[in-house]
Amino acid sequence: MKGDSLKQRILDKLWYRFKHLFYTQRIADTAIIQNINYTNIRKQKKAVVCYITDSFTKDWDSYNGGRTQPFEILSIVKVLSEADYCIDVIDCNDLKILPFLKDKEYDLIFGFGEVFYQLTQRHKNACSIMYMTEHHPEFADREEKKRLQYFYERHKKKGRIVRSGNFYKKHYFDKLYSHIITLSEVDPFLKDYEQVFSLFPTSIENINYEFNHKNHAATKKHFLWLGSYGAIHKGLDLLLDVFEKRDDIILHIAGLSEEDKQLLKPKNRANIIDHSYINIKTDTFLRVVEACTYIILPSCSEAFSTSVTTGMRHGLIPIVMRDTGFNRMGDIGIFLKDYNIPYLNDKLTELSNESSENLKLRSKKVFDFATENFLLPTFEGNFKSIMNTILNQE
């Protein structure tokens, strides 16, 4: 104990002397935000949100990034505040935060990750709400392994699992939680829960975008893959294998990570255009949207991907895998039944020859659906409705 105390005193002195050198990092990075909506004039229930904390550290007025989660978290906290909870927000996988919470008693534990799991073990009488921003981990792990094996069979290269198991591990589901809210499919949970709440995520909007009936005769052979790290998980390798053997259809790629680029090594071809990272709020993105009819994401497992919601918000017709998180949009989307190369090749031929009049009607239907379902006020209203139902039950 004395050694620990001495170590802490040394660290405190070092921090006091040098913390001014890390001023920017101090503002940007914290593992916990405490006592949101706290008052001492009445007794409040306490809630903890296990997610990310930078919703409360960034200057959103000057933010030009491409993430929707921070704004959704602000809405989640707003709804809990309106229910008169005192709220802590913590990093979902930072186990070092747990000792700092050891004297707290929570009535509501919301979120995911290892910290969420540990807190639900500790506070067994609290209302626990597992928030699923991904597909069920059994499904995700199994399907990502299939994709990696298929990639190896075709290219004799080994990829690694990069998406599954980071925030949702299989053993988290050996126990039951009070409630489940999912952005993905509800079916995997119905064997354990009578009621599963579903929620659409939001989208990123370019405020300069105005829906127009583009010339689909010129754009229907153009497909946009909008992603991030985990390109095999998200099916880009499959698309490259199709487009690299054809000249009549064009693939636009945005958001391919450097690690994935080294693994996939896209060929330098006129019909494969790598735009690198694109800021959604720029004119560059609008030009890509104007060039394409479709946004395609043959991912093995997602929730309702915000790259797809963002494409739909700008009139792009979504092409996605069935049963991977998108089923709730029904006939609004185009669903792929298989991920084998021959099937994808034939399907892309079919879609690239679709009538322009049908595409015109479909694009407007997609845009209207996205405008109705993928905006932040809609997310907040739907989340509030879910929480009212949950709290009334509790």
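See the structure above.
These lines cover the structure that appears in this document, whether it is placed above or below. Being a predicted model, the structure only gives us computed values, none of them experimental.

**Considering helix α9 (residues 283–291)**
Thinking step 1. Of all the positions in α9, only F285, L286, V288 and V289 are classed as buried. Buried residues in α9, looked at end-on, bunch into an arc of 160°, giving them a common side.
Thinking step 2. Where α9 is buried, its residues contact β8 (222–226), β9 (250–254) and α10 (306–313).

**Structural notes on the environment of L376**
Thinking step 1. On the secondary structure map, L376 appears in helix α13 (residues 376–393).
Thinking step 2. Taking the C-alpha atoms as reference, L376 lies 8.3 Å from P201; in sequence the two are 175 residues apart.

**Some remarks on the sheet that holds strand β10 (residues 272–274)**
Thinking step 1. Pairing within the open sheet is parallel, and its 6 strands lie in the order β10-β9-β8-β11-β12-β13. Two strands lie at the open edges of the sheet, namely β10 and β13 (334–336), each paired on one side alone. Along the sheet, successive strands turn relative to each other by an average axial angle of 25°, direction set aside.
Thinking step 2. Where strand β12 (residues 317–321) and β13 come together, 3 bridges link them in parallel fashion. Paired with I319 across the strands is I334, a residue of β13.
Thinking step 3. Of the strands in this sheet, β8, β11 (294–297), β12 and β13 touch helix α11 (residues 341–352), which is tilted by about 165° from β13.

**Considerations on helix α3 (residues 69–82)**
Three or four residues apart is the spacing at which side chains of an α-helix point the same way, because the helix has 3.6 residues per turn.
Thinking step 1. For α3, spanning 14 residues, the distance from its first C-alpha to its last is 20 Å, which sits close to the expected 20 Å at 1.5 Å a residue.
Thinking step 2. Taken as a whole, α3 has its buried residues at P70, E72, I73, S75, I76, V77, V79, L80 and S81.
Thinking step 3. As for α3, its buried residues are in contact with β1 (32–36), β2 (45–51), β3 (85–91), β4 (108–111), β5 (127–132) and α13.
Thinking step 4. Within two residues after α3, D84 carries a phi angle of roughly 70°, on the positive side.

Parameters at a glance
- Residues numbered from 1 in each chain as written.
- Predicted model: local features only at pLDDT ≥ 70, side-chain atom pairs only at ≥ 80, totals over all residues.
- Heavy atoms only, no water.
- Buried < 20%, exposed > 50% of the residue type's maximum accessible area, 1.4 Å probe, protein only.
- Helix = DSSP H or I, 4+ residues; strand = E, 2+ residues; numbered from the N terminus.
- Arc of directions from axis to C-beta.
- Contact = heavy atoms within 4.5 Å.
- Pairing = 2+ DSSP bridges.
- Axes fitted to C-alpha atoms, helices over the stretch in contact; angles between N-to-C directions.
- Expected span 1.5 Å × (residues − 1).

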